[in-house]
Amino acid sequence: CSRAFVKLETLTTITLEEREKFEELAIQIFSKYSPDEPKCETYPCPGKQCREQVTEYDTHCRSCGVNFQVCVASGRSILAKEYYACKPCKHKMLEVEIQREGLRFCALCHAPVSYTHLTLPTIYSVQISVVAVSLKKK
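What counts, and at which threshold
Residues numbered from 1 in each chain as written. Predicted model: local features only at pLDDT ≥ 70, side-chain atom pairs only at ≥ 80, totals over all residues. Heavy atoms only, no water. Helix = DSSP H or I, 4+ residues; strand = E, 2+ residues; numbered from the N terminus. Buried < 20%, exposed > 50% of the residue type's maximum accessible area, 1.4 Å probe, protein only. Areas by Shrake-Rupley, 256 points an atom, 1.4 Å probe, with all protein chains shown as cover. Disulfide = S-S within 2.5 Å. Salt bridge = Lys/Arg side-chain N within 4 Å of Asp/Glu carboxyl O. pLDDT = per-residue confidence, 0-100. Contact = heavy atoms within 4.5 Å. Polar contact = N/O pair within 3.5 Å; in protein donor to acceptor, adjacent residues only side chain to side chain.

A look at the overall build of the chain
The secondary structure content of the chain amounts to four helices and six strands. Taken from the N to the C terminus, the helices and strands of the chain come in the order α-α-β-β-β-β-β-β-α-α. Looking at the 138 residues of the chain, the share that counts as buried comes to 23%. Accessible area for the chain stands at about 10300 Å²; split by element, carbon and sulfur atoms hold 56% of it.

Rendered as structure tokens:
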């Protein structure tokens, strides 16, 4: 929750008045309830020659400076090549998030997800294969 306020307060698309309201709200909430950030998973930085660990929500590596794309379905950083790129909006979603949530549409623009472009095996790609085979037999 405190991370969300930090992101809200640093948005460039809000007015100074809105920023101040977010700051006041954050002070009200966190002076009454101390922030409790959940433990994040750590992963090796995908930067070349970098040996640092990054969390799943880091937007860049503090050591080598490499920036990470963000999954629009979960907010997690995309640290590997197992992602789906939406053709209309060009934003990316982690394939594991698509599978876990059973997403059929892009979380951002709501365009249909093309399961034939996923690299990880899914129940949907298996169903598509079975339908394709059954259609060929007819």
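Considerations on unusual backbone geometry
Phi is positive for Gln-49, which is not a glycine, with a value near 65°. Here Gln-49 shows up in the loop between strand E1 (42–44) and strand E2 (53–55). Classification of Gln-49 by relative accessible area gives exposed; the value is 79%. Residues other than glycine seldom take positive phi values, yet Lys-90 does so here, at roughly 70°. The residue Lys-90 is located in the loop between strand E5 (83–85) and strand E6 (92–94) in this model. Classification of Lys-90 as exposed rests on a relative accessible area of 58%.

Quick notes on the state of the cysteines
Going through the model one piece at a time under the given rule, you end up with zero disulfides. The cysteine Cys-64 is free of any disulfide, with Cys-45 supplying the nearest cysteine sulfur at 3.7 Å. The class for Cys-64 is partly exposed, based on a relative accessible area of 39%. Of all cysteine sulfurs, the one in Cys-106 lies closest to Cys-71, which takes part in no disulfide; the gap is 9.5 Å.

Remarks on the environment of Gln-99
Mapped onto the elements of the fold, Gln-99 is located in helix H3 (residues 95–101). On a C-alpha basis, the gap between Gln-99 and Leu-118 in space is 10.0 Å, while along the polypeptide they are 19 residues apart.

A look at the pattern of salt bridges
Tallied over the entire structure, the rule returns six salt bridges. Residue Arg-76 pairs with Glu-56 through a salt bridge whose shortest N-O separation is 3.2 Å. Here Arg-76, found in the loop between strand E3 (69–70) and strand E4 (77–78), pairs with Glu-56, found in the loop between E2 and E3; they are 20 residues apart in sequence, far enough to count as distant. Look at Glu-56 and you get buried, because its relative accessible area is 12%. Residue class for Arg-76 comes out buried when judged on its relative accessible area of 16%.

Examining the confidence of the model for the chain
When pLDDT is averaged along the chain, the result is 80; 78% of the residues meet or exceed 70. Averaged pLDDT values over the elements of the chain bottom out at 45 in helix H4 (residues 123–137) and peak at 93 in E6. Within the model, the stretch residues 122–137 combines pLDDT values under 50 with seven contacts to residues more than four positions away or in other chains.

Some remarks on the side chain of Arg-76
Polar side-chain contacts of Arg-76 include one of 2.7 Å to the side chain of Glu-97. If we skip the residues at most four places from it in the chain, Arg-76 touches Tyr-43, Glu-56, Tyr-57, Gln-69, Val-70, Cys-71, Leu-94, Val-96 and Glu-97.

Concerning the environment of Cys-64
Within the secondary structure, Cys-64 sits in the loop between E2 and E3. Between the alpha carbons of Cys-64 and Gly-47 there is a distance of 7.0 Å; along the sequence they are 17 residues apart. Apart from the residues lying within four places of it in its own chain, the contact partners of Cys-64 are Cys-45, Gly-47 and Cys-50.

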